[in-house]
Amino acid sequence: MTEIITRKGYLNEILGSLKDKNILILLGSRQVGKTTLIKSALQHLSSKNKTTLYLDLEIIENLRHFESFSSFRDFLDLSGINYRKEFYIGIDEFHYIKD
């Protein structure tokens with residue numbers, strides 16, 4: 001029998017996975033709701049007073065933050081995020097990052 005998982009089911013699975021994973025990657029076909037799930041997860045975490053950030057890499061300016069670790073760290077600093085403490089970042093369209 002085929003199990004149907006609702007979007008809320010996927011969201012709960014994502015949130016549960018974040019408890020014991022440092023990195024979580026969502027893979028799927030185009031237009032299936034990955035962005036919506038990322039944003040929903042970040043919104044939920046933010047409502048629990050967790051530090052969150054969303055980046056869409058289809059926006060060319062956002063790609064420059066990934067040119068080096070120091071440029072990413074500088075971006076986090078400018079965004080008010082202490083990278084030495086727990087935070088959650090949703091990176092959409094990650095495939096645009098080169099190397």
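Please refer to the structure placed before this passage.
Now for a description of the structure that goes with this document. (Residues numbered from 1 in each chain as written. Predicted model: local features only at pLDDT ≥ 70, side-chain atom pairs only at ≥ 80, totals over all residues. Heavy atoms only, no water.)

### So, the overall build of the protein chain
For the protein chain, the helix and strand inventory stands at 4 helices and 2 strands. Along the protein chain, helices and strands appear, N-terminal first, in the series α-α-β-α-α-β. Counting only C-alpha atoms, the protein chain reaches 50 × 30 × 20 Å along its principal axes. Restricting to contacts in the protein chain with at least 6 residues of sequence separation, those with at least 24 account for 58%. On the protein chain, roughly 7800 Å² of surface is accessible, and the fraction owed to carbon and sulfur atoms is 51%. If the 14 positive side-chain charges of the protein chain are averaged to one point and the 13 negative ones to another, these points end up 6 Å apart. (Helix = DSSP H or I, 4+ residues; strand = E, 2+ residues; numbered from the N terminus. Contact = heavy atoms within 4.5 Å. Areas by Shrake-Rupley, 256 points an atom, 1.4 Å probe, with all protein chains shown as cover. Lys, Arg positive; Asp, Glu negative; His and termini not counted. Charge placed at Lys NZ, Arg CZ, Asp CG, Glu CD.)

### Thoughts on helix α1 (residues 7-17)
Those residues of α1 that fall on the buried side of the exposure criterion are Leu11, Ile14, Leu15 and Ser17. Along α1, the residues classed as buried sweep out an arc of 160° about the axis, all on the same side. The secondary structure elements touched by the buried residues of α1 are α2 (34-47). (Buried < 20%, exposed > 50% of the residue type's maximum accessible area, 1.4 Å probe, protein only. Arc of directions from axis to C-beta.)

### Some words on the nonpolar core
Core analysis: the largest hydrophobic core is formed by 10 residues, namely Leu11, Ile14, Leu15, Leu18, Leu37, Ile38, Ala41, Leu42, Leu45 and Tyr88. When residues of this core are traced back to their parent elements, those giving at least two are α1 and α2. For this core, the leading source of residues is α2, giving 5 residues. Counting 9 residues, the second largest nonpolar core, distinct from the first, contains Leu53, Leu55, Phe75 and Ile97. (Core = buried A, V, L, I, M, F, W, Y, C linked by side-chain atoms within 4.5 Å.)

### Section: the side chain of Glu93
With respect to the helices and strands, the residue Glu93 is situated in the segment after β2 (88-92). Within the buried core, Glu93 has no salt-bridge partner, and the shortest N-O distance to an opposite charge, that of Arg30, equals 5.0 Å. For Glu93, the residues in contact, after removing those within four places along its chain, are Asp56, Leu57 and Glu58. (Salt bridge = Lys/Arg side-chain N within 4 Å of Asp/Glu carboxyl O.)

### Some thoughts on α2
When the terminal C-alpha atoms of α2 are compared, their 20 Å separation across 14 residues agrees well with the 20 Å that a helix rising 1.5 Å per residue should span. Looking only at α2, the buried set comprises Leu37, Ile38, Ala41, Leu42 and Leu45. Along α2, the residues classed as buried sweep out an arc of 130° about the axis, all on the same side. Residues Gln43 and Ser47 are exposed on α2 and point more than 90 degrees away from its buried face. Against α1, β1 (52-56) and β2 lie the buried residues of α2. (Expected span 1.5 Å × (residues − 1).)

In short, the description is geometric, and any link to function would need to be established separately.
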